[in-house]
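Observations on the three-dimensional arrangement
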Amino acid sequence: MFGKALSFREHQLCKLVSEGYANKAIATELHLTVGTIKEYLVRIYEKLGANNRTHAAVIWLKQQRETPRIV
């Protein structure tokens with residue numbers, strides 16, 4: 001699954017993880033359960049090839065810097 005594109009919701013989670021939010025705070029922010037957040041994170045780790053949330057955040061942030069934006 002490594003290398004697959006992230007969904008809009010997965011990008012939302014990565015942004016919050018990279019800002020230091022805990023799972024409970026992410027769940028509250030996105031109106032989801034902590035269990036759902038954990039499921040999303042597992043998929044994100046697989047898609048990014050990350051070992052943990054910090055690694056996922058670093059990979060995601062790097063990808064955001066490398067992706068050209070249309071303003």
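Relevant structure appears above.
Now for a description of the structure that goes with this document.

Parameters and conventions
Residues numbered from 1 in each chain as written. Predicted model: local features only at pLDDT ≥ 70, side-chain atom pairs only at ≥ 80, totals over all residues. Heavy atoms only, no water. Helix = DSSP H or I, 4+ residues; strand = E, 2+ residues; numbered from the N terminus. Rg over C-alpha atoms; globule rule 2.2 N^0.38 Å. Buried < 20%, exposed > 50% of the residue type's maximum accessible area, 1.4 Å probe, protein only. Contact = heavy atoms within 4.5 Å. Areas by Shrake-Rupley, 256 points an atom, 1.4 Å probe, with all protein chains shown as cover. Lys, Arg positive; Asp, Glu negative; His and termini not counted. Charge placed at Lys NZ, Arg CZ, Asp CG, Glu CD. Expected span 1.5 Å × (residues − 1). Arc of directions from axis to C-beta.

Thoughts on the overall build of the chain
- Of the regular secondary structure elements, the chain holds four helices and zero strands.
- Listed N to C, the secondary structure of the chain is α-α-α-α in terms of helices and strands.
- Scaling as 2.2 N^0.38, a compact globule of 71 residues should have a C-alpha radius of gyration of about 11 Å, and the chain matches this with 12 Å.
- Judged by the C-alpha coordinates and their principal axes, the chain covers about 30 × 30 × 20 Å.
- Taken across its 71 residues, the chain has 31% of its residues classed as buried.
- Contacts spanning at least 24 positions in sequence make up 53% of the contacts within the chain whose residues lie at least 6 apart.
- Accessible surface for the chain amounts to roughly 4,800 Å². Of this, 57% is attributable to carbon and sulfur atoms.
- Looking at the chain, you have 11 positive and 6 negative side-chain charges, and the mean spots of the two groups are 1 Å apart.

What about helix 3 (residues 34-48)?
- Helix length check: helix 3, at 15 residues, gives a terminal C-alpha distance of 21 Å against a target of 21 Å (1.5 Å per residue), a fit within 8%.
- Within helix 3, burial applies to Ile-37, Tyr-40, Leu-41, Ile-44, Lys-47 and Leu-48. For helix 3, the angular spread of buried residues about the axis comes to 125 degrees, placing them on one side.
- Residues of helix 3 that are buried make contact with helix 1 (8-18), helix 2 (23-30) and helix 4 (53-66).
- One or two positions beyond helix 3, positive phi appears at Gly-49, with a value near 75 degrees.

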